[in-house]
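Here is what each chain is made of, one letter per residue.
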Amino acid sequence: MSTLSEHPRPERPPLPTARGRQTQAAIDAAARAVVARKGILATTVADIAAEAGRSTASFYNYYESKEAMVREWAMRFQDEAGQRARTVTEHGLTDRERVTEAVAAHWNTYRNRRAEMISVSQLATVNADFARYWAELCAVPLSFITGMVMRAQAQGHCPGDDPHLIAEALVAMFNQFCYIHLSGSRTDVDDEACIQTLTNIVYRTIYSEEP
């Protein structure tokens, strides 16, 4: 059993031809489109190949399985997700601004990498390795929100609450909210409204005064 940090980075050398790179890019794009519509559990290699206009044999030239494809995706974007998360540690932000930055980082990561997020979260329900990958992906927002709650409690907010349990509840809510609005084929999602709604919920949970 392994985690993303323990699993070695893909060492596959660059594909030798422009045509090979274009074919893999087409397969990746097709897979992302199908996964966003159907989820990874309902997606087959045949679905991906048909979406890409390629044969199933072409898929297996690049990936051993759809799970191997998702594992490689997850490792590719791990650094990107970490970079987004680091924006919320900037100094000089108000409490509300910091909450907004944290929410926007999570939302934008899910939006830009929704196939990865959907795939890893769904495979986590049936595969122990992916369950560990998912836990590692969630560890950054969990750690940040736990720390935010602890700092808020030092100022007198949410007394008596368990900071980690609050963080777990909020991150679970983030992920389900993002899945509802960003999976499928919806084109009417209002990013600003969704980020504002999540910001209000988080801010009121952590910083609101008891009547």
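Preceding this paragraph is the structure being described.
How each quantity is defined
Residues numbered from 1 in each chain as written. Predicted model: local features only at pLDDT ≥ 70, side-chain atom pairs only at ≥ 80, totals over all residues. Heavy atoms only, no water. Helix = DSSP H or I, 4+ residues; strand = E, 2+ residues; numbered from the N terminus. Buried < 20%, exposed > 50% of the residue type's maximum accessible area, 1.4 Å probe, protein only. Areas by Shrake-Rupley, 256 points an atom, 1.4 Å probe, with all protein chains shown as cover. Polar contact = N/O pair within 3.5 Å; in protein donor to acceptor, adjacent residues only side chain to side chain. Contact = heavy atoms within 4.5 Å. Phe/Tyr/Trp six-rings, centres within 6.5 Å; stacked < 30°, edge-to-face > 60°. Lys NZ or Arg CZ within 6 Å of the ring centre and 35° of its normal. Axes fitted to C-alpha atoms, helices over the stretch in contact; angles between N-to-C directions. Parallel < 35°, antiparallel > 145°, perpendicular 65-115°, else oblique. Left-handed = near helix turned anticlockwise from the far one by under 90°.

A. Layout of the overall build of the chain. For the chain, the count of helices and strands is 9 helices and 0 strands. Written out in order from the N terminus, the α and β elements of the chain read α-α-α-α-α-α-α-α-α. Put simply, the chain has 211 residues, and 46% of those count as buried. Of the roughly 11100 Å² of accessible surface on the chain, a fraction of 52% belongs to carbon and sulfur atoms.

B. Just unusual backbone geometry, in detail. Notably, C158 is not glycine yet its phi reads approximately 35 degrees, a positive angle. Tracing the backbone shows C158 in the loop between α7 (128-154) and α8 (163-182). We classify C158 as buried; its relative accessible area is 8%.

C. Up close: the side chain of T43. The residue T43 is located in the loop between α1 (18-38) and α2 (45-52) in this model. According to the relative accessible area criterion, T43 is buried, its value standing at 1%. Within the local environment of T43, its side chain forms a polar contact with the backbone oxygen of G39, the two atoms lying 2.6 Å apart. In this structure T43 touches V34, V35, K38, I48 and K66, once residues within four positions along its chain are discounted.

D. Broad picture of the packing of aromatic side chains. Applying the stated criterion to the full structure yields 5 aromatic pairs. Ring geometry for F59 and Y60: centres 5.4 Å apart, planes at 90 degrees, overall edge-to-face. For F59, a relative accessible area of 1% corresponds to the buried category. Taken together, the ring pairs connect F59, Y60 and Y63 into an aromatic cluster. The ring of W73 carries R32 above its face, with NZ or CZ at 4.5 Å from the centroid. Its end group placed over the ring of Y203, R96 keeps NZ or CZ at 5.1 Å from the ring centre.

E. Structural detail: the environment of L41. Locating L41 in the fold gives a position in the loop between α1 and α2. The partly exposed category is assigned to L41, whose relative accessible area is 47%. When the C-alpha atoms of L41 and Q122 are compared, they prove to be 6.9 Å apart, with 81 residues separating the residues in sequence. Excluding anything up to four places from it in sequence, L41 contacts K66, Q122, L123, T125 and V126.

F. Examining the packing of α8 against helix α9 (residues 191-207) more closely. Orientation of α8 relative to α9, taken along the N-to-C sense of each, is 165 degrees, at an axis distance of 12 Å. As judged from the angle between their axes, α8 and α9 are roughly antiparallel. Every pair of crossing elements has a handedness; the one defined by α8 and α9 is right-handed. Taken together, the residues of α9 that come into contact with α8 (itself represented by I166, L170, M173, F174, F177 and H181) are C194, L198, I201, V202, T205 and I206.

G. Looking closely at the environment of A52. Following the sequence through the fold, A52 ends up in helix α2. C-alpha of A52 to C-alpha of Q24: the two residues are 28 residues apart in sequence and 9.7 Å apart in space. Sequence-distant contacts of A52, defined by excluding residues within four places in its chain, comprise A26, I27 and A30.

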